[in-house]
Structure formats: C-alpha cells, structure tokens
Amino acid sequence: MKKHNFSAGPSILPQEVLNKASEAVLDYNGSGLSLIEISHRSKDFVDIMDRARALVLELLGLEGKGYQALFLQGGASTQFLMVAMNLLEKKAGYLNTGAWSEKAIKEAKVIGDIYEVASSKDANFNYIPKGFEIPSGLDYLHCTSNNTIFGTQMKSFPKTDSPLVCDMSSDIFSRQLDFSQFGLIYAGAQKNMGPAGTTLVVVREDILGKVSRTIPSILDYKKHIASDSMLNTPPVFPVYTSLLTLEWLKSVGGIAGIEQENEKKARLMYSEIDLNPLFKGFATKEDRSFMNATFTLEKESLKETFASMLKEAGISGVNGHRSVGGYRASMYNALPIESVKALVEVMSELESKA
Ligand code: PMP
C-alpha cells in the first residue's frame, strides 16, 4: 500500500512522474536505450534540457524578461557560495530566518562582507522579521522564502534597490508571486521539482558580470549560461524527472492551479492544529508556511499512542526536525489532500482517546 508521504525532502512526487521516469530508465521513448546510458550531447537529452529550462521560465512567468534557467549540481548549499562568488563585491545583506539562512550567511562570509538586516533567532525562528531597514547600495539582499525546518514562510518580500536573491528550495512553484521582483532564485529540486541531484537557478542576466574577482569556471553563472546549462555533464536523470514534474504541474493548472490546492491543504491542517487542544502550532500564525506545518503534542504521555496510530494509518515522515522537536507535516505540491485528511483524522481520533 502506498504511504501518505509527509517527508520534508526528498519528498513526494506525482505517481505519474514516477511511472514515466521509471519507464525512461528502462527504455527512453522506445529508443532501445536507457535515459541514463545516452550521451548528454545527444539530440534526445539536449531536447530535454531545452524543454525543462523553457518550461521553468514559462511557469514562473519570466519568459522574455531577461532571465535564464540553469540546472546545476551541488545542492542549494553550493548556491550559498556561488551567489556570493558571482554577486558579492563590497557588501551583501542577509535576512536571517532560520538554519538555512544561517548557512547561507556562513558561506557568503568566506567570500566577503555581510550585513544581517534582521533575524528571528531570538525566538528560535518562529516568525519572519518585519519592518526592518535595508541600507541602500548593497550588492544584493538574500532571503529564504520558506523555512523548511521552522515552518515559517515569507508572505511578502522586502523592497530594495539591490537585486533580491531568494532561496526558494522548499516552496518554489507552490504559489503565485511576481517572480520578476527577484534577481536570482535558487532551489534544490528535491521538494517541489524532482529528485535530489539538481538545483534550479533562475537568474536575470543583467545582474551578472559585475564583480572584479576571477570566478572558477564551474562556479560561474555566465559560463553555465553560455554553455546552455551543459558546462559539464548534467545530472540527466534529475533533470528529466524535473521536466516530467513541471509538465505535470502545467497539466494541473500551473502555479495558479496548485496554489489553490496548497491553500486547501494548509487550511485543513492548521484548523486541526488550532482546534484540537492536544496540539500547538510552532510558527506565529501570520507567518505559517503552507508547505511545512510544524506543531507539538502537548501531552507527552500520548506520544507513543500517536506514533502507533500514525503508523497504522500509513502516515510517514511527520517527525519534526531536532531543532524544533514535535512534528512537521510537509505538504508539497504532489501531496494529495486525501493525505492531509488522513493525518487530521488521526489527530482528532487521538483527541477522542485522550
Ligand atoms: N535551503 C532550504 C530552504 C532547504 O530546505 C534546504 C534543504 N532541505 C537547503 C537549502 C539545502 O539544500 P541541499 O541539501 O540541496 O544543499
């Protein structure tokens, strides 16, 4: 039996994507060859890469606006460094909203001068700082749109005269935004886009080429763009599977369509957290993430009963991250609302047993 998969990442993908990806591993398009045993320079794969890059821009509404989409390697963690290498000359601003922001700051400090514009560390990152001042003249301002571990999400983005750089690893393609407000977006594939192994970078070309340092080729966005995201052998399977997921997303109404589903799932989840006296939400209400709901069980004595009920109902992946404790229900694009209903049912059944 298929489980209800609430994993924070790598995480659930649409069943039809898994089916098509599996078929392609055995025989790509009736070619008599596996997708993972053909040259990345073959027409078949070049076509996959071109379609995936174009579909990213189409879904984000960024076609014809001076942006390029790249499928790179090294995870979002490599982007912590690459962003600074390519954009940091004098000083960059960082909004610190969680463990991933902190890691981004740490890596950028290896390259240059960082100014932390605001932080929510004082409350174990259970909220998004607001109303802070942003100095002008920063090389860029970096933020994290969704804090996977703490379950907070930025509902609006700072206005700044500097390019806005955003780590969207855990909420890309989940909600409608004016994506043209960002100079650069990056996201590990393994939540809303595909399997682990590729990282999406979407960059407005005019922000590049402004730093004086020599950038090693493999870390240089301009070189990746010049070689059509094939500077070295790309991760062919994750790129193909990402293309399949993006095609699936388009078929269900694109970002506008999935946003409605994501809102329904989040509303259902949070209303149970709020109405059931056994549970308590971790994140400040106005900053709650629609992707990762974090909550605790107020009665320690019910922990084991809850765990066995979850297991019985086929619910997987709801244990919280060690820095928050409790539970985390990740409700990425591919998670059906039926899975949220199953979880909510177990939570209310626990209440009736308490
Ligand atoms: N940023 C965010 C918001 C994340 O959730 C994660 C991983 N879950 C990362 C960065 C790091 O990504 P990776 O493991 O691909 O380096």
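Rules used in this analysis
- Residues numbered from 1 in each chain as written.
- Predicted model: local features only at pLDDT ≥ 70, side-chain atom pairs only at ≥ 80, totals over all residues.
- Core = buried A, V, L, I, M, F, W, Y, C linked by C-beta atoms within 7 Å.
- Buried ≥ 20, exposed ≤ 12 C-beta atoms within 10 Å, placed from the backbone.
- Helix = DSSP H or I, 4+ residues; strand = E, 2+ residues; numbered from the N terminus.
- Domains from an automatic or database assignment.
- Contact = placed C-beta atoms within 7 Å.
- Near = placed C-beta within 6 Å.
- Nonpolar A, V, L, I, M, F, W, Y, C, P; charged D, E, K, R; others polar.
- UniProt positions renumbered as here; feature names shortened; annotations may be inferred.
- Expected span 1.5 Å × (residues − 1).
- Arc of directions from axis to C-beta.
- pLDDT = per-residue confidence, 0-100.
- Pairing = 2+ DSSP bridges.
- Axes fitted to C-alpha atoms, helices over the stretch in contact; angles between N-to-C directions.
- Right-handed = clockwise from strand over helix to strand, strands pointing away.

(A) Looking closely at the nonpolar core. Ranked by size, the top nonpolar core spans 96 residues in total, and within it Ala108, Leu184, Leu200, Val201, Val202, Tyr240 and Met331 carry the most contacts. For this core, the leading source of residues is helix H6 (residues 236-251), giving seven residues. For this core, the two domains that each supply at least three residues are domain 1 (15-251) and domain 2 (254-353). Discounting chain neighbours no more than four positions away, the residues touching Met331 are Asn262, Lys265, Ala266, Met269, Met291, Ala293 and Val340.

(B) Just the site of the ligand, in detail. Surrounding the ligand, one finds Gly9, Gly75, Ala76, Ser77, Trp100, Thr144, Thr148, Asp167, Ser169, Ser170 and Gly188. When residues of the shell around the ligand are assigned to their parent elements, the largest contribution, three residues, is made by helix H3 (residues 75-87). Partitioning the shell around the ligand into residue classes produces two nonpolar, eight polar and one charged.

(C) Spotlight on the UniProt feature "domain: Aminotransferase class V" (unreviewed entry) in the protein. Residues given the UniProt feature "domain: Aminotransferase class V" (unreviewed entry) here are residues 5-343. Here residues 5-343 runs as 35% helix and 17% strand, with 10 Å between its end C-alpha atoms.

(D) Representation of helix H7 (residues 254-275) within the structure. Helix length check: H7, at 22 residues, gives a terminal C-alpha distance of 32 Å against a target of 32 Å (1.5 Å per residue), a fit within 8%. Among the residues making up H7, those that are buried are Ile255, Ile258, Asn262, Lys265, Ala266, Met269, Glu272 and Ile273. Down the axis of H7, the buried set is contained in an arc of 125°. They therefore lie on one face. Pointing more than 90 degrees away from the buried face of H7 are the exposed residues Ala256, Arg267, Ser271 and Leu275. On the buried face of H7, the contacting elements are helix H2 (43-60), H6, strand S11 (279-281), strand S12 (292-297), strand S14 (327-330) and helix H9 (337-353).

(E) Structural view of the confidence of the model for the protein. Here the protein shows a mean pLDDT of 98. Residues at 70 or above account for 100%. Two numbers describe this predicted complex: its pTM, 0.98, and its ipTM, 0.99.

(F) Here's a closer look at the environment of His224. Its place among the elements puts His224 in helix H5 (residues 221-226). With 23 C-beta atoms counted inside 10 Å, the residue His224 sits in the buried group. Linking His224 and Ile185, residues 39 residues apart in sequence, is a C-alpha distance of 15 Å. Residue contacts for His224: discarding those within four places in its chain leaves Leu70, Leu72, Ser229 and Leu231.

(G) Spotlight on the sheet that holds S11. Read from one edge to the other, the open sheet built from three strands follows the order S11-S12-S14, with strand pairing classed as antiparallel. At either end of the open sheet lies a strand with only one pairing partner, and these are S11 and S14. Ignoring which end each strand starts from, the neighbouring axes of this sheet average 35° apart. Pairing between S12 and S14: four bridges, direction antiparallel. In the sheet register, Asn292 faces S14, and the bridge partner there is Ser330.

(H) Spotlight on unusual backbone geometry. Going from Gly9 to Pro10, the amide bond is cis rather than trans, its omega being -5°. With respect to the helices, strands and loops of the structure, Pro10 is situated in the loop between strand S1 (4-5) and helix H1 (15-26). For Asn124, which is not glycine, the phi dihedral falls at a positive 45°. Note that Asn124 resides in the loop between strand S4 (113-119) and strand S5 (141-144).

(I) Structural view of the domain arrangement of the protein. What the domain assignment lists for the protein is domain 1 (15-251) and domain 2 (254-353). Centre-to-centre, using C-alpha coordinates, domain 1 lies 27 Å away from domain 2. Tallying the contact residues gives 23 residues for domain 1 and 23 residues for domain 2. Mapped onto the side of domain 1 that touches domain 2, the elements with two or more residues apiece are strand S6 (146-147), strand S7 (152-153) and H6. Of the residues contributing to the side of domain 1 that touches domain 2, the split by class is eight nonpolar, 11 polar and four charged.

(J) Representation of the pairing of strand S3 (residues 91-96) in the model. Of all six residues that make up S3, five are buried, and the element is covered over most of its length. In terms of strand pairing, S3 meets S4 through six bridges, oriented parallel. From the neighbouring strand, Gly93 faces S4, where its bridge partner is Tyr115. Each parallel crossover has a hand, and the one from S3 via helix H4 (residues 99-111) to S4 is right-handed.

(K) Representation of the sheet that holds strand S9 (residues 184-188) in the model. Taken in spatial order, the seven strands of this open sheet run S2-S10-S9-S8-S5-S3-S4, and their pairing is mixed. One side of each edge strand has no neighbouring strand; the edge strands of this open sheet are strand S2 (67-72) and S4. Along the sheet, successive strands turn relative to each other by an average axial angle of 20°, direction set aside. Sheet analysis places S3 next to S5, joined by two bridges and oriented parallel. For Tyr94, the partnering residue across the bridge sits in S5 and is His142. Contacts from H2 reach S2 and strand S10 (199-204), with the element oriented near 130° to S2.

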